[in-house]
Amino acid sequence: MFEVQNQPPPLEGYNLLHSDTVLREAVRREGADWAEGRLGALGQEVGSAETIALGFAANRHPPELKTFDRFGHRIDEVEFHPAWHSLMTIALKAGLHSSPWADPKRGAHVARAAGCYMLGQIESGVLCPLAMTYGSVPTIGLNRAVATEWLPRIFSRYYDPRFRPAREKTSALVGMAMTENQGGSDLRTNTTRAERSEDGSFRLTGHKWFMSAPMCDAFLVLAQAPNGISCFLMPRWNPDNTRNAIRINRLKDKLGNKSNASSEVEFEGAFAQLVGEEGRGIQTIIEMANFTRLDCSIGSSSLMRQALAQAVHHARHRTAFQRKLIDQPLMTNVLADLTLESEAAAILTFRLARAYDDETEEATVFRRVVTPAAKFWICKRAPFVTLEAMEVLGGSGYIEDSIMPRLYRETPVNSIWEGSGNVMCLDVLRAIERTPRAAEVLAAELELDGEPRLRPFLDRLSQRLSAPDRHDEAQARALVRDLVLALQAVLLVKHAPAGVADAFCASRIGTDAGAAFGLLPRGIDVRAIVDRAAPQN
Ligand SMILES: Cc1cc2nc3c(=O)[nH]c(=O)nc-3n(C[C@H](O)[C@H](O)[C@H](O)COP(=O)(O)OP(=O)(O)OC[C@H]3O[C@@H](n4cnc5c(N)ncnc54)[C@H](O)[C@@H]3O)c2cc1C
């Protein structure tokens, strides 16, 4: 038997808040300083060996569809591994599904974002039902009767995994069902029909090609009503305590996101209640999508942070050619470059989360434009970061036990769901065009005195944002990428150490950033950048 040598200790038993300088600074800067105590407790809990093991178990044992019971009755239930339920218990206890609505205060959305950012590093499948429930609240609020019945359950922090009518449970979760087989981006193609019943409720008939977290207690669903596409709340149980006519045809066999279930469903005259104005369903549900899109940026930033933490941890302990990997100049360059991407993603994500805490007109405009922009670029960068970070661990990074394959497989989904990359970029163009004061609010955000490195880039960007060719759809990705890089650069200049901001500008602003990491130019203190990212345990 060989002796195990030159292997790092497992990265566990560490506090995901206290060991993360960038996160700690963001929580304080963006107004959630009051939450540091409870976030620290959550950081400790999710960084424990026990919670990390739950994350592995929930992914090793994916959910299973039980279409019928043993007697042949249709039950349409999905069974999850106990580890999933334990993770959901942690999440709800921390309020990650609804705390900013249940207990509104300065920094509440930022505090929740920080909690999701930490939990998502250990297991990100659970973020899906948490994001949808969080996002559903303003939409549900549009129907007073529905809100009175559902919001108290949604605000509860006692997770209840039982498949029972919501009124018998200690809490409720909400999913959403928009995408149909013939079209997801173009929701006007929805064919599910909604017919009004005598009591004012509706019966929905049709299908959804994607409906994630099908064991949620209710779903916001789009369907064609007599006056056009409308938004409905569809519970899994009828008011008379029978199962609603929601048939789960099958679970998707996904690339990643294994712990979470995503299903194909049919509605056979399923009971539902109208939410928002009949005929304005897309506008109604898009309100929810803003929040879930913010959560895509949180989720991707979180995956990048975990990949980076694992990579830096490994490099600090592993020796090759008589030196620690972290001391090999080329590896230090790679790690520093990864750190810049992770820190830039986090700094913009938490700035954006703060805009959700702020009801000023400027904040509303900012989140309208920057939510889809950040989702596009941050989610696009995440697969590359997790891929490069995997390689830092060498062959072991390719092995499931290391967590790196799971992080890598998870990343593409954030770019696809809640509006894919192109759709996000076209939405940014629309937002800039149609939102009064958009140009002014962006200009104020990008205002920097005496920044010679950034000035030409910012000036050119501002010209492009106001020139007629901003309507050029084919150039939308280029424009949105540059907008996000500018926002990230300005935030780093204002809030990060000078070395981090300098390196970000030198490698990403006005230059064609390379197709790999580790291309930082000479003259940067790469070691200082990496040390800032090291997770201490
Ligand atoms: C794991 C998973 C879970 C999901 N869960 C849910 C869920 O719970 N509820 C739900 O409703 N949906 C869910 N979805 C569906 C998801 O939101 C859609 O897949 C997504 O919005 C894209 O729609 P689509 O698949 O129909 O692709 P399409 O709309 O056909 O788009 C295909 C491609 O074309 C691009 N495109 C579209 N229009 C344009 C244009 N005008 N110009 C340029 N490019 C364009 C898109 O960006 C995309 O890249 C889930 C998806 C996945 C992968």
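Residues numbered from 1 in each chain as written. Predicted model: local features only at pLDDT ≥ 70, side-chain atom pairs only at ≥ 80, totals over all residues. Heavy atoms only, no water.

Caption draft 1: How the structure looks around the overall build of the protein. Counting its secondary structure elements, the protein contains 18 helices and eleven strands. Here the C-alpha radius of gyration of the protein, 23 Å, is about what a compact globule of 537 residues would show, namely 24 Å. Along the three orthogonal principal directions, the C-alpha set of the protein runs to about 75 × 70 × 40 Å. Looking at the protein as a whole, 58% of its 537 residues qualify as buried. Within the protein, counting contacts between residues at least 6 apart in sequence, those at least 24 apart form 73% of the total. In the structure as shown, the protein presents an accessible area of about 21700 Å², 52% of it carried by carbon and sulfur atoms. Averaging the positions of the 62 positive and the 65 negative side-chain charges in the protein gives two centres separated by 1 Å. (Helix = DSSP H or I, 4+ residues; strand = E, 2+ residues; numbered from the N terminus. Rg over C-alpha atoms; globule rule 2.2 N^0.38 Å. Buried < 20%, exposed > 50% of the residue type's maximum accessible area, 1.4 Å probe, protein only. Contact = heavy atoms within 4.5 Å. Areas by Shrake-Rupley, 256 points an atom, 1.4 Å probe, with all protein chains shown as cover. Lys, Arg positive; Asp, Glu negative; His and termini not counted. Charge placed at Lys NZ, Arg CZ, Asp CG, Glu CD.)

Caption draft 2: Fine view of the site of the ligand. If you check the shell around the ligand, you find 20 residues, and the closest are Met 178, Thr 179, Gly 184, Ser 185 and Ser 212. At 2.9 Å, a backbone N or O of Met 176 approaches a nitrogen atom of the ligand. In the environment of the ligand, an oxygen atom lies 2.7 Å from a nitrogen or oxygen atom belonging to the backbone of Met 178. Each residue belonging to the shell around the ligand can be placed in one class, and the counts come to ten nonpolar, eight polar and two charged. (Near = heavy atom within 4 Å. Polar contact = N/O pair within 3.5 Å; in protein donor to acceptor, adjacent residues only side chain to side chain. Nonpolar A, V, L, I, M, F, W, Y, C, P; charged D, E, K, R; others polar.)

Caption draft 3: Main features of the pattern of salt bridges. What the rule picks out here adds up to 44 salt bridges. Linking Lys 105 and Asp 103 is a salt bridge whose minimum nitrogen-to-oxygen distance equals 3.5 Å. Look at Asp 103 and you get partly exposed, because its relative accessible area is 35%. Here the salt bridges do not stand alone but share partners, grouping Arg 74, Asp 76, Arg 247 and Glu 268 into one network. (Salt bridge = Lys/Arg side-chain N within 4 Å of Asp/Glu carboxyl O.)

Caption draft 4: Broad picture of the packing of aromatic side chains. In this structure the tally under the stated criterion is nine aromatic pairs. With a centroid separation of 6.0 Å and an interplanar angle of 35°, the aromatic rings of Trp 101 and Tyr 134 are classed as tilted. Here the residue Trp 101 occupies a position in helix α5 (residues 99-102), and Tyr 134 occupies one in helix α7 (residues 127-140), the gap between them amounting to 33 residues. When its relative accessible area of 23% is taken as the criterion, Trp 101 is described as partly exposed. Connected via pairs of aromatic rings, a cluster forms that spans Trp 101, Tyr 134, Phe 291 and Tyr 356. Directly above the ring of Phe 210 sits Lys 252, whose terminal nitrogen or CZ lies 4.3 Å from the centroid. Looking at Arg 406, its charged tip hangs above the ring of Phe 56, at a distance of 4.7 Å from the centre. (Phe/Tyr/Trp six-rings, centres within 6.5 Å; stacked < 30°, edge-to-face > 60°. Lys NZ or Arg CZ within 6 Å of the ring centre and 35° of its normal.)

Caption draft 5: Geometry of the packing of helix α9 (residues 281-317) against helix α10 (residues 329-355). At a minimum axis distance of 9 Å, the contact between α9 and α10 shows a crossing angle of 150°. Relative to α10, the element α9 lies roughly antiparallel. The chirality of how α9 crosses α10 is left-handed. Facing α9, whose interface residues are Leu 294, Ser 297, Ile 298, Ser 301, Met 304, Arg 305, Leu 308, Ala 311, Val 312 and Ala 315, α10 presents Leu 335, Leu 338, Thr 339, Glu 341, Ser 342, Ala 345, Ala 346, Thr 349, Leu 352 and Ala 353. (Axes fitted to C-alpha atoms, helices over the stretch in contact; angles between N-to-C directions. Parallel < 35°, antiparallel > 145°, perpendicular 65-115°, else oblique. Left-handed = near helix turned anticlockwise from the far one by under 90°.)

Caption draft 6: Looking closely at the nonpolar core. The biggest cluster of nonpolar side chains holds 181 residues, and the ones touching the most others in it are Ile 140, Leu 204, Leu 220, Phe 232, Leu 335, Phe 350 and Leu 483. Once you skip the residues sitting within four places of it in the chain, Leu 335 turns out to touch Leu 308, Ala 311, Val 312, Ala 315, Ile 326, Val 392 and Val 530. (Core = buried A, V, L, I, M, F, W, Y, C linked by side-chain atoms within 4.5 Å.)

Caption draft 7: Quick look at the side chain of Arg 367. Positionally, Arg 367 belongs in helix α11 (residues 361-392). At 3.1 Å, the side chain of Arg 367 forms a polar contact with the backbone oxygen of Asp 358. Apart from residues lying up to four places away in sequence, Arg 367 is in contact with Leu 352, Ala 355, Tyr 356, Asp 358, Glu 359 and Pro 372.

Caption draft 8: α7, seen in detail. Here α7 spans 20 Å end to end across 14 residues, near enough to the 20 Å set by a 1.5 Å rise per residue. In terms of burial, α7 is largely enclosed, as 13 of its 14 residues are buried. (Expected span 1.5 Å × (residues − 1).)

Caption draft 9: Representation of the side chain of Asp 337 in the model. Mapped onto the elements, Asp 337 comes out in helix α10. Reaching out from Asp 337, the side chain makes a polar contact with the backbone nitrogen of Leu 519 at a distance of 3.4 Å. Excluding residues within four positions of it along the chain, Asp 337 makes contact with Arg 508, Ala 516, Phe 517, Gly 518, Leu 519 and Leu 520.

Caption draft 10: Structural view of unusual backbone geometry. The backbone phi angle of Asn 257 is positive, close to 55°, even though this residue is not glycine. Relative to the helices and strands, Asn 257 resides in the loop between β8 (246-251) and β9 (262-275). Under the relative-accessibility criterion, Asn 257 is labelled buried at 4%. Located in the positive-phi region is Glu 418, a residue other than glycine, with phi close to 65°. As for its position among the elements, Glu 418 is in the loop between α12 (404-416) and α13 (421-434).

Caption draft 11: Summary view of the environment of Ser 402. Assignment of secondary structure puts Ser 402 in the loop between α11 and α12. Overall, Ser 402 belongs to the buried group, its relative accessible area being 14%. A C-alpha to C-alpha distance of 8.8 Å links Ser 402 and Met 390, two positions twelve residues apart in sequence. Those residues in contact with Ser 402 that lie beyond four places of it in its chain are Gln 310, Leu 393, Ser 396 and Gly 397.

Caption draft 12: Broad picture of the pairing of β9. With eleven of its 14 residues buried, β9 lies for the most part within the structure. Pairing geometry for strand β5 (residues 202-212) and β9, over nine bridges, is antiparallel. Within β9, the position partnered with Phe 202 by the bridge is Ala 272. Judged from the three bridges that link them, strand β7 (residues 228-235) and β9 form a sheet pairing that is antiparallel. Looking at the pairing, Leu 233 lines up with Gln 273 of β9. By the bridge criterion, five bridges tie β8 to β9 in an arrangement that is antiparallel. Bridging from a neighbouring strand, Ile 246 pairs with Phe 267 of β9. (Pairing = 2+ DSSP bridges.)

Caption draft 13: Summary view of helix α15 (residues 455-466). Between its terminal C-alpha atoms α15 stretches 17 Å, which fits the 16 Å expected from twelve residues at 1.5 Å a residue. Listed in full, the buried residues belonging to α15 are Phe 457, Leu 458, Leu 461 and Leu 465. Down the axis, α15 shows its buried residues gathered within 95° of arc, on one side only. Turned more than 90 degrees away from the buried face of α15, the exposed residues are Gln 463 and Ser 466. (Arc of directions from axis to C-beta.)

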